[in-house]
Structures are given as structure tokens and as C-alpha cells.
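# Results of the structural survey
What follows is the residue order along each chain.
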Amino acid sequence: MKRKATKLIHPVQPKEPGVLPHFGAAKTPLYASSTYIFESAEAGAATFALQQGRALEHEPAPFNYARLGHPNLVQVEGQLVALEGRERGQIGGMPDEALAFESGMAAITTSVLALIKPGSVLAYTTPIYGGTIQFFKDFLEPWGIHCYPLRQGQPTESHDSAPNPIPDILYVETPANPTNEQWSWDRLRTWVDQWASNGKRPVVMADNTYLGPCWQHPLEEGADLVLYSATKSMSGHSDLVCGACVGDASLVRRIRSLRNKLGNTASPFTAWLLSRSLETVQLRMQAAQSNASILAQRLGQHPGIQSLAYPGSGAMLSIWLNGGEEHRIAWRFLNSLQCVQQAVSLGSNESLACHPASTTHSAMDPKERKEFRITDNLIRLSVGLEDVEDLWEDLQQALEQAFAAG
Ligand SMILES: Cc1ncc(COP(=O)(O)O)c(C=O)c1O
């Protein structure tokens, strides 16, 4: 059986005896076709029957319509399955454990919506990505879904009984954007077991965007589904917006069915470009991690830094600057950067820095921002693949500028 790095590079090819796939192209071409021709009416009918879970009376056509499936989607979803170390099953031509979407938010919203009904309860770890919390608060709650936050200190560690009410979905983000706050999987599993023994086991979903697909595998930690903004380290070049969901085949089937209806399936171009990026994701993430760990170690000793959170792997640093909890010094630091780019998003090959309190997490309740340490002196740094000495020189001079002006 092939190993992960090999599976990421060698795509699943359609095989016909004596015919080279894709006319012999070494790489799967971009299939810019919205619809697919049936050899017969029987084959067309069988393709729809397959998608709808009905009995087949004829051999189905490989594809029917690009919103429902296309060759580039099959390839990228196969890579997503490999990346999470899952065994590849098939529904028709499609991997049955992975889905690619047109954005990370499409993956999150579609997956949650597919698994709730009126009156459902969702519990979520805090802090959490700004767009996700807005979806919970501005959309789900008005529609009657009770969403409640889980806080690290509650219940106390000594009486760590699972919170109430029992959720239908436990939504986890660890480490969390933007503070690198970490939740213990042991603790979360204990709660899930307690909830299960009290009558209901929630579906566990984990947004693994922040650490990325190489250093943590939530499916091995007890999650049923792992979600990604594939816009980040999976794409890795700031040239694509896309999302992914991988996990339990029966849940994935329900989410695919909603994706087909909402129509946020990754397009051929999105899937093709993500597929190319996934071939190098492990190498890119190792190099970024190596830069990040050097910078974390050096920044941690810099007198301008009040505190720093780095989980020991990955490429995301949370940096709290000295000089009080207000934005003046943080903004001067950002405005002084010359090599690191000042932008939101993360996980790219260029380093990016942002001020979460006034950007990605600015729509949050200010009291909650403070409680979760998303303070005005917090900088989020996504470390890229530049020469680490250039990055270090840039960070040093920006820190100097930030404090020089007094
Ligand atoms: C942790 C996390 N989850 C989800 C998203 C949303 O992804 P997208 O912007 O691809 O929709 C982001 C975006 O920054 C994120 O950081």
C-alpha cells in the first residue's frame, strides 16, 4: 500500500486497458466542463440513481453535472482522504470520506447545517474563528439553534463534569485562532463519553485550520469530522479560497447531499489548484514550522514582547507586545514591517501579520474579546518560507520602530 507522500502526488487515474489516462498527460488536466455526456439514457438515469442512493439497473456514467462531481474534485478529495490517513471508499467515482468546497466557511456552514434540525444544540470551544462565531450568533441562534460557548475554566478541573445541555454538535477549534489557546482532547473525550452515557453522543467536529493538516489529526483524537479553510496551509500560496471536510462516511454523505443543493462544491479550477498545492503541503509545512520555531524562540527573549504563544508545532505565533493593552504600539509595529506582509489569512508561503482585535475578530463582543485575550496588543504572525534571517531582521526593526516613537 502506498504511503501518504506518494498518495498525495500520484492521483487516482481512470483506468482503461491499453489507454493512457488523460491522453498521457503527466498531471490531471483542468476539466473546465459544466456538464458530461451520457453514452445512453440508461447510463444517465443510473448516474442520478447512484447519487440518490437508488438501486442501479445499468452501469452509470462517470459524471453528470459539475456541481455534483467532476474529475478534479475526485482527485482532490482523494488527496484529502490520504492527508487525514483514511482509507478510501467510493460512492460511484467519488471518495466517500471527503468533500471540497468553495471556501472554508462553505465547509463549516454546510457541514453544521446538514447535521442539525430545529431545536438542536451546539456547544463550541472558545475562542474561535471570527467568521464561525458570527455564523453561530447571527444565523443559527435566530433560527432556533441553541449555541453555547465552552470556557476553559468551567467547570473547574477538579469537578470536570460535562456541561449542559447535552449538545447535538460539539464544535472544536484547537489550537484556536488567534491566540493559540489549546483544548485538551482528553478532556473533550471525557465530556463526550459522559454525554453519551447520559443518552446522547454529539457529533464532534474540529476546525483544524490553525495548526494545519500535518501536525494534528482530530479524527484520531475522537472527532467525527475535520474541517479546514483550505485557503490556508493546504493551498499555501494566497491564490485560492476553498474548504474541506473529511471524516465519517455516513456523515459525509449527508453533508454532500446538502452541498449538492446549496451549490458550493469546489469548482474544477478550485479543485485543480488545491490539488496541485496538496502535492507539496507536507514539505511546505515542515519548512514553515522550522522558521516559526526559530522565530518563536528568539521573539520569546525580546524585551518588546510581553508574552508569546506557540504550540511547538505549526507556523502560527500569537505575540502580545509590551506597552499596555492598546493598539498604538501594535499598529506601529505592523506599519513598520517591510518583509512580512500586513494582511489577514494565514498558512501561506509569504509571512503575514495582522491585528486580530481590529480585523478578523473585530465583530466580536469586546467583553468576550478581552476574556479570550484578543487584546489590542495582540499580533497574529503566520510564518512563511522566506529566509528566516530576513524575517528576524524585519521583526527586530519593526519592534524597534514600534517602541522608538514612545
Ligand atoms: C480557523 C479558520 N476557520 C475557518 C476560516 C474560514 O475560511 P475561508 O476564509 O476559507 O472561508 C478561517 C479563515 O480565516 C479560519 O482562520
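A quick note: this is a predicted structure, and the numbers were derived from the prediction, not measured. (Residues numbered from 1 in each chain as written. Predicted model: local features only at pLDDT ≥ 70, side-chain atom pairs only at ≥ 80, totals over all residues.)

This paragraph deals with the domain arrangement of the protein. Segmenting the protein into domains produces domain 1 (4-79), domain 2 (93-279) and domain 3 (282-404). Taken over C-alpha atoms, the centre of domain 2 sits 25 Å from the centre of domain 3. Counting from both sides, the interface comprises 21 residues of domain 2 and, opposite them, 26 residues of domain 3. By residue class, the composition of the side of domain 2 that touches domain 3 is 8 nonpolar, 12 polar and 1 charged. (Domains from an automatic or database assignment. Contact = placed C-beta atoms within 7 Å. Nonpolar A, V, L, I, M, F, W, Y, C, P; charged D, E, K, R; others polar.)

Attention now moves to the site of the ligand. Around the ligand, a shell composed of 14 residues is seen, among which Ser103, Gly104, Met105, Ser229 and Thr231 lie nearest. The residue makeup of the shell around the ligand, split by class, is 4 nonpolar, 9 polar and 1 charged. (Near = placed C-beta within 6 Å.)

Our next topic: the sheet that holds strand E13 (residues 352-354). Taken in spatial order, the 5 strands of this open sheet run E10-E11-E14-E13-E12, and their pairing is mixed. Edge positions in the open sheet fall to strand E10 (305-309) and strand E12 (341-342), since each of these has one partner strand only. The strands touched by helix H11 (residues 327-336) are strand E11 (316-321), E12, E13 and strand E14 (378-382); relative to E11, the strand with the most contacts, the crossing angle is about 130°. (Pairing = 2+ DSSP bridges. Helix = DSSP H or I, 4+ residues; strand = E, 2+ residues; numbered from the N terminus. Axes fitted to C-alpha atoms, helices over the stretch in contact; angles between N-to-C directions.)

What follows concerns the environment of Cys242. Secondary-structure assignment places Cys242 in the loop between strand E8 (225-229) and strand E9 (243-247). For the pair formed by Cys242 and Trp215, sequence separation is 27 residues and the distance between their alpha carbons is 20 Å. Look past the residues within four positions of Cys242 in its chain and what remains in contact with it is Ala100, Phe101, Glu102, Ser103, Ala230, Thr231, Ser235, Ala266, Thr270 and Leu274.

Sheet strands pair via backbone hydrogen bonds, and the direction of the pair is either parallel or antiparallel. If you walk across this open sheet you meet the 7 strands as E3-E9-E8-E7-E6-E4-E5, and the pairing is mixed. Each having just a single partner strand, strand E3 (98-101) and strand E5 (146-150) make up the two edges of the open sheet. The mean inter-strand angle of the sheet, taken between neighbouring strand axes irrespective of direction, is 20°. Bridge count for strand E4 (residues 121-125) against strand E6 (residues 169-172) is 3 bridges, and the pairing is parallel. Across the sheet, Ala123 pairs through a bridge with Leu170, a residue of E6. Strands E3, strand E7 (203-207), E8 and E9 of the sheet are contacted by helix H8 (residues 249-262), whose axis makes an angle of about 30° with E3.

Moving on, we come to unusual backbone geometry. Note the cis peptide between Thr126 and Pro127, where omega equals -10°. Mapped onto the fold, Pro127 is located in the loop between E4 and helix H5 (130-140). Here the bond from Thr174 into Pro175 is cis, since omega is -10°, no more than 30 degrees from zero. With respect to the helices, strands and loops of the structure, Pro175 is situated in the loop between E6 and helix H6 (185-197). Residue Phe23 is not a glycine yet carries a positive backbone phi of 55°. Mapped onto the secondary structure, Phe23 falls in the loop between helix H1 (4-9) and helix H2 (41-51). Phi is positive for Ser345, which is not a glycine, with a value near 80°. In this fold, Ser345 is placed in the loop between E12 and E13. According to the C-beta neighbour criterion, Ser345 is partly exposed, with 16 such atoms within 10 Å. (Buried ≥ 20, exposed ≤ 12 C-beta atoms within 10 Å, placed from the backbone.)

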